[in-house]
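Structural features, examined
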Amino acid sequence: MPFLRTLWRRAGARTGILGLAAGLAAGSALGAVALGTGVPTPPDMRVLHVAPVLAIPGSALELSAGTLCDPPDAAGCQVARALLRISTPAGGWASIAGVRSDGAFRFTVPAELVPDAGFSYYLELKAAMGRTVLYPSSGASAPFRVMTTAGATVTDIPSIEWDAVRGPDRTALSLRFGSAPGEVGRTPGGVDRDPLGPSSFDVGRDGSLYVADWVNDRVEVFSPDGTYVRSVPLPVHRTVDLAVDEAELHVLTLGSDGRAYRLSALDGRVLGSRAVTTGVAVRIESAAGGPRVLVGPGQWAAAYRETSRLSAAPVPVEAAAVSQEVSDGSLAARWTGVDGAPIGALVRLPSGVRIGPEYAVETLPDGGAAVTRGLWDDTHSVVGVFRFGADGTLVDLSLLPEPSARMDAAFSPVRWSDGAVLVARDRRRGIVIDVFEVVGER
Amino acid sequence: MQRLVGGLVAGATIGLLAAQVLVWSGGGAGAATWADANCSGSGWSVGTWRRADAQSYAQRADREGYEWGGGCYKLNDRDDTPGVPDSSGEGADCSGFTFKSWALRNSYGASGFWYWQHEKNVHGPYSTADLYAPPSTAPFRTLPDKSYATTAYMDAFVYRTSAGGHIGMIYQEGSSGSDYIVEAKSDDVGTRIAYTTYRSQSAYRAIQRRDWTPDCYPKCA
């Protein structure tokens, strides 16, 4: 019996030791997986695309699409074939094979597939291991839609005087760099250091101004007359774009890891957030259907849609006011007039003058529209405000000074509000937000 | 059976704790800085370097950190040293990231290609001052204009003033004065791919690495 007890103890001890060893192995394996050396997960593939919303009918058009997939040499990231599936005038779908060039796939849309009525398209990327990526993910059921400049009123601009920029009608805000209430932070500049100031601003419906002072982890709120009202804490210490709703703020961190946050405009409580999983996060704005995120040119995604994967929804160009630099370098615009009929405008610019970023396209009570876009050449950069009449005629072109280069949300230093364009501008010791009246008294 | 289960639990706990300690220590105990513990990479001469190689190389640093004067990346899609600027932490600065992505040699003006592992803590000899106004002997040059017809992917936009300087490379060309840019932006923003407007900002110039190996290599007709 003593022999049996000894045997039992030894066996028990061995079992414990065996268990300890097995547990160590299992725990270490779990730890290794947690450290990222375990079973690989399929790489996320994003499509980086430049989606047009307007085109010249009867003219060939080149589209491009690249990918963002990490690690880029992984088998699942290799795109063997890229197709552009495009609607045909006969009502079917045609395929255009992409040619790899300049870091992306290029698709040449022949002139006969750009009828007056426009076309629809989506992208189909065939990757290794049988993986197919549609973009937008809705594919043929909700493709991108491209309208045309057919019937647009054409205006030629013979020359542009770069120095003929307007002075502001007034200054809405003048903010010094600092961290006190009513000041804004700035990161240090220097050799190989890009000094960054407030990253964005927006205007509330009551005219209040909201400035994304991310350096000091806050959004500062000012009354329409420029008086400091309060600060709202930001949930992240990153540069953000900013959009104001009724009682909420929407902020967006920029880049491929962008995240949209819904905040209480009163105290900054985080009411919700969602990662942007399509394209790269560029801009956030309040829209009739809810806040939306620009994830690439001409591609918007709902900010907080509760689906596993955001779909870059096609811009509803038939109903929206849109502008586009078209293939010959002209500025095209399209909007809906007061009678519901579409109105188009095409502005041909002087040689060497190029269309820049789109800041705002607004329809006006008289049936016209105001298009606010950058204009630039190799050494100049200004904001152009194109004021169109109800028949698409260019009524006026105002040149405004170059906006702030310190705002990291690069499509937001210029805002439209209540018939005026607001431009954030850099000053040595701070920033100013100047007001340029477009509609009404000047 | 109870001892077996107990052993399993104890072992798993110890194993997981050991893994966590590795995470906290950055992979090496007793290191003076993050870079000391994590930057064991090296570099070597290579005969070719295509724009496509540079694009892939740069993409891998997306979402990583930024360090002024730095150059070392630990590729795990996060900033390993957030909020601690100038501490020998993770990442390159803008010119150092360009230097590595362009596979330049670590000798001022030297031509040829030198592959740098991401984990190699090297900045290279060029600042934005050199990149903004390169001497004729530099392995990069200023482009005559900023039009899309002139630039190609993995060319760069650079500015340099008394107040600051920055350089970002074209990951993929966009439209209307904007592009998908890959860049080491700042301590708080890190290294990223963003869609932004450098092309149309008046302060920026376009520059190009010299002597790219054609993308068609080794199957050029």
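In this report, the structure presented in the accompanying data block is examined. Each chain carries its own residue numbering, running from 1 in the written order of its sequence. The order in which chains are written sets their letters, starting at A; the order in which ligands are written sets their numbers, starting at 1. Residues qualify for local features only when their pLDDT is at least 70, as the model is predicted, and side-chain atom pairs are given and counted only at 80 or more; totals for whole chains, interfaces and linings, by contrast, use all residues. Values shown for side chains rest on all heavy atoms present in the structure; no hydrogens or waters enter the calculation.

1. Quick notes on the pattern of salt bridges
A pairing counts as a salt bridge when a side-chain nitrogen of Lys or Arg comes within 4 Å of a carboxyl oxygen of Asp or Glu. Taken as a whole, this structure holds 30 salt bridges over all chains when the rule is applied. Between Arg292(A) and Glu285(A) there is a salt bridge; the shortest N-O distance is 2.9 Å. The network of salt bridges with shared partners includes Asp194(A), Arg406(A), Asp408(A), Glu183(B), Lys185(B) and Arg192(B).

2. Examining the interface of chain A and chain B
Only heavy atoms enter the contact rule, under which two residues are in contact if any of them lie within 4.5 Å. Each partner contributes residues to the interface: chain A has 73 residues there, and chain B has 68 residues. Here's the idea: put two parts together, see how much 1.4 Å probe accessible area each one loses, and the total over both is what we call buried area. Both faces combined, the contact of chain A with chain B buries some 5200 Å², and carbon together with sulfur accounts for 53% of it. In terms of surface lost to chain B, no three residues of chain A exceed Asp102(A), Asp192(A) and Arg193(A), which account for 14% of the buried area on that side. At the junction of chain A with chain B, the criterion picks out 5 salt bridges. Across the pair Arg60(B) and Asp73(A) runs a salt bridge, and its minimum N-O distance is 3.6 Å. Numbering of helices and strands runs from the N terminus; a helix is a DSSP stretch of H or I covering at least four residues, while a strand is a stretch of E covering at least two. For the side of chain A that touches chain B, the elements supplying multiple residues, two or more each, are helix 1 (2–34), strand 1 (45–49), strand 3 (61–69), strand 22 (292–296), strand 28 (354–363) and strand 29 (369–376) of chain A. Residue polarity is assigned by list, with Asp, Glu, Lys and Arg as charged and Ala, Val, Leu, Ile, Met, Phe, Trp, Tyr, Cys and Pro as nonpolar; anything else, Gly included, falls into the polar class. The residue makeup of the side of chain A that touches chain B, split by class, is 29 nonpolar, 26 polar and 18 charged.

3. What to know about the sheet that holds strand 16 (residues 228–233) of chain A
Residues and elements named next belong to chain A. Pairing between strands requires that DSSP locate at least two bridges from one strand to the other. Taken in spatial order, the 4 strands of this open sheet run 13-14-15-16, and their pairing is antiparallel. Each of the sheet's edge strands pairs with one partner strand only, and the pair in question is strand 13 (201–203) and strand 16. The mean angle between the axes of side-by-side strands here comes to 20°, regardless of whether they run parallel or antiparallel. The sheet contact formed by strand 15 (residues 218–222) and strand 16 spans 5 bridges and is antiparallel. Following the sheet pairing, Val 219 is matched in strand 16 by Val 232. Every axis corresponds to a line fitted to the C-alpha atoms, with the helix fit spanning only the stretch in contact, and the corresponding angles, defined between N-to-C directions, vary from 0 to 180 degrees.

4. Topic: the packing of aromatic side chains
Centre distance within 6.5 Å is the pairing criterion for rings of Phe, Tyr and Trp, where only the six-membered ring of Trp is used; planes under 30 degrees apart are then read as stacked, over 60 as edge-to-face, and the remainder as tilted. The full count for this structure, using the stated rule, is 22 aromatic pairs over all chains. Taking 6.4 Å as the distance between ring centres and 10° as the angle between the ring planes, the aromatic pair formed by Phe386(A) and Phe388(A) counts as stacked. Comparing Phe386(A) with Phe388(A), the two get one shared label, buried. Between Trp49(B) and Tyr57(B), the aromatic rings sit 6.1 Å apart at their centres with planes inclined by 75°, giving edge-to-face as the arrangement. In this structure, Trp49(B) and Tyr57(B) share a single accessibility class: buried. Clustering of aromatic rings is evident, with ring pairs tying together Trp102(B), Tyr108(B), Tyr126(B), Phe140(B) and Trp212(B). In our convention, an over-ring charge means Lys NZ or Arg CZ found within 6 Å of a ring centre and within 35 degrees of that ring's normal. The ring of Trp300(A) carries the charged tip of Arg292(A) above its face, separated from the ring centre by 4.1 Å. Categorising residues by exposure relies on relative accessible area from a 1.4 Å probe, with only protein chains included: less than 20% of the type maximum marks a residue as buried, more than 50% marks it as exposed, and the intermediate range marks it as partly exposed.

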